Amino acid sequence: MSTSTTDSTTDTPLGTAGSTLITGIATLVTNDHHLPGTSPDDPLGLLRDAAVVIEGDRIAWVGTESQAPATDSRLRAGGRTLLPGFVDSHSHLLFGGDRTEEFGARMSGRPYTAGGIRTTVEATRATSGERLAAGLERHVEEALHQGTTTLETKSGYGLTVEDELRALRIAEEHVDETTFLGAHVVPPEYAADPDGYVDLVTGPMLAACAPHARWVDVFCERGAFDGDQARAVLTAGIARGLTPRVHAGQLGPGPGVRLAVELGAASADHCTHLTGADVDALAGSRTVATLLPGCEFSTRSPYPDARRLLAAGVTVALATDCNPGSSYTSSMPFCVAVAVREMGMTPDEAVWAATAGGAAALRRIDIGRITPGARADLVLLDAPSHVHLAYRPGVPLVAAVWQRGARVR
Ligand SMILES: [Zn+2]
């Protein structure tokens, strides 16, 4: 712990320089139940009347206020709640166009199918790189203001070698985690030859895109890609050094979840329609089930059964699936509230899933926790408890956000 002899310890509205002590934290969500003072039975690792020290871009110390070390500056949380920044492990933010009319039609009774994605593909291809980048920046900023400090985002609205590569090059400049989703839907020009499109995705498109992504993803669903096609895409990605994640079980049961587990995917996403064999496969694996309640909300569809997954011992994450068609929300607090109200999760489970769960879905241990050595990504809630995220739905409770130790709002 470095202390300065020239700077006095003062309250600072922008605790950025040197080390900063945050005191007066009524509820601290650490997600580390090995820390002194936490209960081993509590996954959230809650501490009351706690203090945290940020130094540089890392958490340097966590404990009770009376034992806090000296620091350069001090910030009083005023009896509020501090939790790890939200980890949104599933979004689609490189798009052009607008689908307001489609949403309105759906709310008038038209069902959602995977076909609407093609509308966005057409608009995205017609959008300049500058506008795509500006749209991504706007959504990243919007998410940050709601407490999201780590974002994953995907390609998948270009569906040509050039357009997918363009999307990932923009994405890697603005977000932590990038995913190649050339296999989102079959584009219209390959409608008569879907296997020819899979050959393009697994050949030249993957070769161009793999250096700009960590993950390979496929929409394994009726109307998109079947089990054999999804397997071809994922195994080709693995051969190029990417780790799989899979869109599975959104619109109906299918082979996607078991394929994800078999291929060692970090996450199977959606998991709305699951067989018993799917749940068993997830329970015996490292594959996280990432639930995307914004999608069911925005398509007026039945929610996934989080309780069933949790009872089986599956690791569950929550993410927004932010995209212009099926889930146009960037708000993790919204997803927490819906997961609690509609999916059988307790507030503790939902907050864990939106932080540590998202980190697990991205195979990261440096985020999603407030513990010494972790990245200093923090959210201060204007509430005495994290439970208020579900108890006060729609209320802008995020009072401050730190990302890599810097106060960003
Ligand atoms: Zn998605």
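Every residue gets a number counted from 1 within its own chain, in the order that chain's sequence is written. Local features in this predicted model are restricted to residues whose pLDDT is 70 or higher, and side-chain atom pairs enter the listing and the counts only when it is 80 or higher, whereas totals over whole chains, interfaces and linings include all residues.

- As recorded in an unreviewed UniProt entry, the chain goes by the name Imidazolonepropionase, listed as coming from Streptomyces carminius.
- Its UniProt record gives the chain the following Sequence similarities (unreviewed entry) comment, quoted word for word: "Belongs to the metallo-dependent hydrolases superfamily. HutI family." UniProt positions are given in the numbering used here, feature names are shortened, and annotations may be inferred rather than shown by experiment.

1. Details of the overall build of the chain
- Secondary structure elements follow DSSP: runs of H or I of four or more residues count as helices, runs of E of two or more count as strands, with numbering from the N terminus. Counting its secondary structure elements, the chain contains 13 helices and 16 strands.
- Relative to its length of 409 residues, the chain is compact, with a C-alpha radius of gyration of 21 Å against a globular reference of 22 Å.
- Viewed in the frame of its principal axes, the chain has a C-alpha envelope of about 70 × 45 × 45 Å.
- In this scheme the burial state of a residue depends on its C-beta neighbours within 10 Å: 20 or more other such atoms mean buried, 12 or fewer mean exposed, and anything in between means partly exposed; the C-beta positions come from the backbone. When burial is assessed residue by residue, the chain has 56% of its 409 residues classed as buried.
- Residues are treated as contacting if the C-beta atoms built from their backbones sit within 7 Å of each other. Here the contacts in the chain between residues at least 6 apart in sequence split such that 70% fall between residues at least 24 apart. All radius of gyration figures rest on C-alpha atoms, and the globule criterion is 2.2 Å times the number of residues raised to 0.38.

2. So, the sheet that holds strand β6 (residues 86-88)
- A sheet is described by the order of its strands in space; here eight strands give the open sequence β6-β7-β8-β9-β10-β11-β12-β13, paired in parallel fashion. The sheet is open, and its two edges are formed by β6 and β13 (316-318), each paired on a single side. Sheet twist, expressed as the mean angle between neighbouring strand axes with direction ignored, is 25 degrees.
- By this definition, two strands are paired if DSSP reports at least two bridges between them. Sheet topology note: the strand β11 (residues 267-270)/strand β12 (residues 288-291) ladder contains three bridges and is parallel. The residue of β12 that forms the bridge with Asp269 is Thr290.
- Geometry is summarised by axes, namely lines fitted to C-alpha atoms with helices restricted to the contacting stretch, and by angles between N-to-C directions that run from 0 to 180 degrees. Set on the sheet, helix α6 (residues 227-239) makes contact with β8 (177-183), β9 (215-220) and β10 (243-248); between it and β9 the angle comes to about 175 degrees.

3. Observations regarding the pairing of β8
- The buried fraction of β8 amounts to seven of the seven residues, a majority that puts the element mostly inside the structure.
- Examined bridge by bridge, β8 and β9 share three bridges and lie parallel to one another. The partner of Phe180 across the bridge, within β9, is Val216.
- Following the chain from β8 across helix α5 (residues 194-209) to the adjacent parallel β9, one finds a crossover that is right-handed. When the strands point away from the viewer and the connection leading from the first strand across the helix to the second strand turns clockwise, the crossover is called right-handed.

4. A short note on the domain arrangement of the chain
- For the domain bounds, the source is a domain assignment made automatically or taken from a database. Here the chain is partitioned into domain 1 (10-84 + 368-407) and domain 2 (87-361).
- Taking only C-alpha atoms into account, the centre of domain 1 sits 30 Å from that of domain 2.
- Contacts between domain 1 and domain 2 engage 19 residues on the former and 21 residues on the latter.
- Mapped by element, the contributors of at least two residues to the side of domain 1 that touches domain 2 are β5 (73-84), α13 (388-391) and β15 (398-403).
- Examining the composition of the side of domain 1 that touches domain 2, we find that three residues originate from one element, β15, more than from any other.

5. Side note on the UniProt feature "binding site: 4-imidazolone-5-propanoate" (unreviewed entry) in the chain
- The sites that UniProt annotates as "binding site: 4-imidazolone-5-propanoate" (unreviewed entry) are Arg99, Tyr157, His184, Gln250 and Ser326.
- Considering the arrangement of structural elements, one finds Tyr157 in the loop between β7 (148-154) and α4 (161-174).
- When near neighbours in sequence (up to four residues on either side) are disregarded, Tyr157 contacts Leu94, Phe95, Thr120, Val121, Thr124 and Ala167.

6. Quick notes on the nonpolar core
- The biggest cluster of nonpolar side chains holds 127 residues, and the ones touching the most others in it are Val52, Val233, Leu318, Val336, Ala339 and Ala350.
- Per element, the largest residue contribution to this core is nine residues, and it comes from helix α12 (residues 347-361).
- When residues are assigned to domains, this core turns out to be shared by domain 1 (10-84 + 368-407) and domain 2 (87-361), each giving three or more.
- Setting aside residues no more than four positions away along its own chain, Ala350 makes contact with Leu318, Val336, Ala339, Val340, Met345 and Ala390. Note on terminology: a nonpolar core is any set of buried Ala, Val, Leu, Ile, Met, Phe, Trp, Tyr and Cys residues joined through C-beta atoms within 7 Å.

7. Structural notes on the UniProt feature "binding site: Zn(2+)" (unreviewed entry) in the chain
- In the UniProt entry, the feature "binding site: Zn(2+)" (unreviewed entry) is given for His90, His92, His247 and Asp321. A stretch of 232 residues holds the annotated residues, and the largest C-alpha distance among them is 12.2 Å, short enough that they meet in one place.
- Structurally, the position occupied by His90 is in the loop between β6 and α1 (100-107).
- For His247, the location among the structural elements is in strand β10.
- The buried category is assigned to His247, around which 31 C-beta atoms lie within 10 Å.
- Those residues in contact with His247 that lie beyond four places of it in its chain are Asp217, Val218, Phe219, Cys220, Glu221, Gly256, Asp269 and His270.

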